[in-house]
Amino acid sequence: MRYVDGFVIPVPKKNLEAYFRIAKKAGKIWRKYGALDYRECAGDDLKWKFGTPFPRSAKVKAGETVVFSWILFKSRTHRDRVNATAMKDPRIREICNEKSMPFDVKRMVYGGFKVVVDV
């Protein structure tokens, strides 16, 4: 069963370019080690009147937007193997440390999900 790691991240708009530079590097590394797909998406149409809009659930502050991201894997076992290998890559250690990130990592929402519908 396919598996997805999903992320919702409030990012200051002034830091989006820096964030996406890091994301492009990270995406290439994850794909190198076997991820099937790697996507990073910037919030665009976020002012919905029903449900809980992403900005409210992510507690977006003035001057921020939401980044919605996911990485696709063959299975949870595959995800665990790919993530373990990617996290050992020195390039990831260099770009993914808390001090150099262009957002507050404590506000990042993350989870692993079984893909139930795949049409």
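See the structure shown above.
Below, the structure is looked at part by part. (Residues numbered from 1 in each chain as written. Predicted model: local features only at pLDDT ≥ 70, side-chain atom pairs only at ≥ 80, totals over all residues. Heavy atoms only, no water.)

**Looking at the sheet that holds strand β3 (residues 64-73)**
Taking strand neighbours across the sheet as the criterion, the four strands line up as β2-β3-β1-β4 in an open arrangement whose pairing is antiparallel. Of all the strands in the sheet, the pair left with one neighbour each is β2 (37-42) and β4 (109-114). When the angles between neighbouring strand axes are averaged without regard to direction, this sheet yields 15°. In the packing of helix α1 (residues 16-32) onto the sheet, contacts are made with β1 (3-12), β2 and β3, and the angle to β2 comes to roughly 170°. (Pairing = 2+ DSSP bridges. Helix = DSSP H or I, 4+ residues; strand = E, 2+ residues; numbered from the N terminus. Axes fitted to C-alpha atoms, helices over the stretch in contact; angles between N-to-C directions. Contact = heavy atoms within 4.5 Å.)

**Observations regarding the layout of surface pockets**
If you add up the space inside the largest pocket, you get close to 470 Å³. F7, W30, C96, M101 and M108 are the residues nearest the centre of the largest pocket, which is lined by 24 residues in total. Only β1, α1, β2, β3 and α3 (76-88) provide two or more residues apiece to the lining of the largest pocket. Counting residues per element, the lining of the largest pocket draws most heavily on α1, at five residues. A per-class count over the lining of the largest pocket returns 17 nonpolar, three polar and four charged. (1 Å grid on protein atoms, 1.4 Å probe; cavity = no way out; pocket = protein on both sides within 12 Å on 5 of 7 lines; lining within 4 Å. Points joined across faces, edges and corners; volume = space filled by probe spheres on them. Nonpolar A, V, L, I, M, F, W, Y, C, P; charged D, E, K, R; others polar.)

**Points about the side chain of D5**
With respect to the element layout, D5 can be found in strand β1. On the accessibility criterion, D5 (2% relative accessible area) is buried. Looking at D5, its side chain comes within polar contact range of the side chain of R79, at 2.7 Å. A distance of 3.2 Å separates the side chain of D5 from the side chain of Y110, its partner in a polar contact. (Buried < 20%, exposed > 50% of the residue type's maximum accessible area, 1.4 Å probe, protein only. Polar contact = N/O pair within 3.5 Å; in protein donor to acceptor, adjacent residues only side chain to side chain.)

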